[in-house]
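Residues per chain are reported as follows:
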Amino acid sequence: MTDIDWGALHDAAREASQYAYVPYSRYRVGAAALVTDGRIIAGCNVENASYGLTLCAECGLVSELHLSGGGQLVAFVCVNGDGETIMPCGRCRQLLYEHAIPGMLLDTVSGVRSIDEVLPDAFGPRDLEGIGR
């Protein structure tokens, strides 16, 4: 898919960051993705006083993916509260991998990269096929 409107994804991520719940770090994050059916979905980070329970923006985005009809992620972007592109953490790269088409594209701090470039040799659902059956 070459018809990715990166500007629209960045706009959606910037808007999502404004809804972030960040009373502790004050570090807003918004994420947006293009879905296989053409929808743009978004998520924001939600902090918790027990820091380990904080939800990254990617968690909200994947929840929105399933809440709004499912599908797979085609392209993804993540921004901070100033609208600057940031990288998903390792945990979130794994989460995105699970819900992405093969070769999903991410707009990263070093340019557009595939999910395989930012999470090489990933462990995923295919590794669990046939286990315990």
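Everything below is about the structure printed above this text.
So, a few notes on the structure that sits alongside this text. (Residues numbered from 1 in each chain as written. Predicted model: local features only at pLDDT ≥ 70, side-chain atom pairs only at ≥ 80, totals over all residues. Heavy atoms only, no water.)

## Structural notes on the pattern of salt bridges
Next up, step 1: Throughout the structure, instances matching the rule amount to two salt bridges.
Next up, step 2: We note a salt bridge from Arg14 to Asp11, for which the minimum N-O separation is 2.4 Å. Of the two residues, Arg14 and Asp11 are both situated in helix H1 (residues 6-17); the distance of three residues between them amounts to about one turn of the helix.
Next up, step 3: By relative accessible area, Asp11 is classed as partly exposed at 46%.
Next up, step 4: Arg39 is paired through a salt bridge with Asp37; the nearest N and O atoms lie 2.8 Å apart.
Next up, step 5: Taking relative accessible area as the criterion, Arg39 reaches 19% and is therefore assigned buried.
Next up, step 6: Judged by relative accessible area, which is 52%, Asp37 ranks as exposed. (Salt bridge = Lys/Arg side-chain N within 4 Å of Asp/Glu carboxyl O. Helix = DSSP H or I, 4+ residues; strand = E, 2+ residues; numbered from the N terminus. Buried < 20%, exposed > 50% of the residue type's maximum accessible area, 1.4 Å probe, protein only.)

## Focus on H1
Next up, step 1: Its 12 residues give H1 an end-to-end C-alpha distance of 16 Å, which sits within 8% of 16 Å, the value for a rise of 1.5 Å per residue.
Next up, step 2: Here H1 has its buried residues at Leu9, His10, Ala12, Ala13, Ala16 and Ser17. Projected onto a plane normal to the axis of H1, the buried residues spread over an arc of 165° and lie on a single side.
Next up, step 3: Buried residues along H1 sit in contact with strand S1 (29-35), strand S2 (40-44), strand S3 (73-80) and strand S4 (100-108).
Next up, step 4: Measuring from the backbone nitrogen of Gly7 back to the side-chain oxygen at the start of H1 gives 3.2 Å, which picks out Asp5 as the cap. (Expected span 1.5 Å × (residues − 1). Arc of directions from axis to C-beta. Contact = heavy atoms within 4.5 Å. Polar contact = N/O pair within 3.5 Å; in protein donor to acceptor, adjacent residues only side chain to side chain.)

## Structural notes on the packing of helix H2 (residues 57-67) against helix H3 (residues 90-98)
Next up, step 1: Where H2 contacts H3, the axes come no closer than 9 Å and their chain directions differ by 15°. One way to sum up the angle between H2 and H3 is to call them roughly parallel. For the element pair H2 and H3, the recorded crossing hand is left-handed. Of H3, the residues touching H2 (which contributes Glu58, Cys59, Leu61 and Val62) are Arg91, Cys92, Leu95 and Leu96.
Next up, step 2: Counted by class, the contact of H2 with H3 contains six nonpolar, no polar and two charged residues. (Axes fitted to C-alpha atoms, helices over the stretch in contact; angles between N-to-C directions. Parallel < 35°, antiparallel > 145°, perpendicular 65-115°, else oblique. Left-handed = near helix turned anticlockwise from the far one by under 90°. Nonpolar A, V, L, I, M, F, W, Y, C, P; charged D, E, K, R; others polar.)

## As for the sheet that holds strand S5 (residues 111-114)
Next up, step 1: In spatial order, the strands read S2-S1-S3-S4-S5; together these five strands make up an open sheet with mixed pairing. The open sheet has two edge strands with one neighbour each: S2 and S5. Each strand axis lies, on average, 20° off the axis of its neighbour in the sheet, ignoring direction.
Next up, step 2: Of the pairings in the sheet, the one linking S3 to S4 comprises four bridges and is parallel in character. Residue pairing for S4: Ala75 is matched across the bridge by Leu105.
Next up, step 3: In the packing of H1 onto the sheet, contacts are made with S1, S2, S3, S4 and S5, and the angle to S1 comes to roughly 140°.
Next up, step 4: Sitting on the sheet, H2 touches S1, S2 and S3, and the angle it makes with S2 is about 140°. (Pairing = 2+ DSSP bridges.)

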